[in-house]
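What follows is each chain in one-letter form.
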Amino acid sequence: MHPVIPIKIKKLHHEAKLPKYAHTGPWGDLAADLYAVQPATLEAGATALVSTGVAIELPSEYGALVEDRSGLAVRGVTTLAGVIDPGYRGELKVVLTNLSTAAVEVAAGDRIAQLRLVQRIEASFQEVDELEEAPRGSGGFGSTGA
């Protein structure tokens, strides 16, 4: 069984919902659902900041990523700017962009994104004159033919 990490959540609005995994246990979800605390209208092509009404206290060795919900993504709604650092204590707000040609309504209580915990790893970036050769080389987007 995987360890369960205790995460402290503070409701900033009485109607707010805590993040919740739809499926738990050994074959559970990778991320917990985040919920809108207030209604919002996302006009076609618009970007909006949608409040969740909760703040989070992550342990110093963890961070979180805000990810798309597939049900919204298939309708053209995607998330942006989704990194939550362990020292952040403000309200979790989700940046949603509507890529579709029609307005999308978000009701209070709707699942709007997913919160995925990640272990924080700090790197030391070192400038070098050359990088070791690898089979892929400098091939980037589309380099595998797909």
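Scroll up to find the structure this text is about.
Calculation rules
- Residues numbered from 1 in each chain as written.
- Predicted model: local features only at pLDDT ≥ 70, side-chain atom pairs only at ≥ 80, totals over all residues.
- Heavy atoms only, no water.
- Helix = DSSP H or I, 4+ residues; strand = E, 2+ residues; numbered from the N terminus.
- Buried < 20%, exposed > 50% of the residue type's maximum accessible area, 1.4 Å probe, protein only.
- Contact = heavy atoms within 4.5 Å.
- Salt bridge = Lys/Arg side-chain N within 4 Å of Asp/Glu carboxyl O.
- Pairing = 2+ DSSP bridges.

### Focus on the environment of Ala44
Looking at the element boundaries, Ala44 is found in the loop between β3 (40-42) and β4 (47-57). Relative accessible area serves as the criterion here: at 41%, Ala44 is assigned to the partly exposed category. Expressed as a C-alpha distance, the spacing of Ala44 and Glu91, which sit 47 residues apart in the sequence, is 26 Å. Setting aside chain neighbours within four positions, we find Ala44 in contact with Asn98, Ser100, Thr101, Ala102 and Ala103.

### Some words on the pattern of salt bridges
All told, the structure shown has five salt bridges when counted by the stated rule. Between Lys8 and Glu57 there is a salt bridge, with its nearest N and O atoms 3.9 Å apart. Note that Lys8 is positioned in strand β1 (residues 8-11) and Glu57 in strand β4, a separation of 49 residues in sequence. Of the residues examined, Glu57 reaches a relative accessible area of 34% and is grouped as partly exposed. Arg116 is the salt-bridge partner of Glu67, the closest N and O atoms lying 2.6 Å from each other.

### Remarks on the sheet that holds strand β7 (residues 83-84)
Here we have four strands laid out as an open sheet, ordered β2-β10-β5-β7, and antiparallel in their pairing. Edge positions in the sheet fall to β2 (32-35) and β7, since each has one partner strand and no second. Note: β2 against strand β10 (residues 111-119), four bridges, orientation antiparallel. Counted as the bridge partner of Ala32 is Leu115 from β10.

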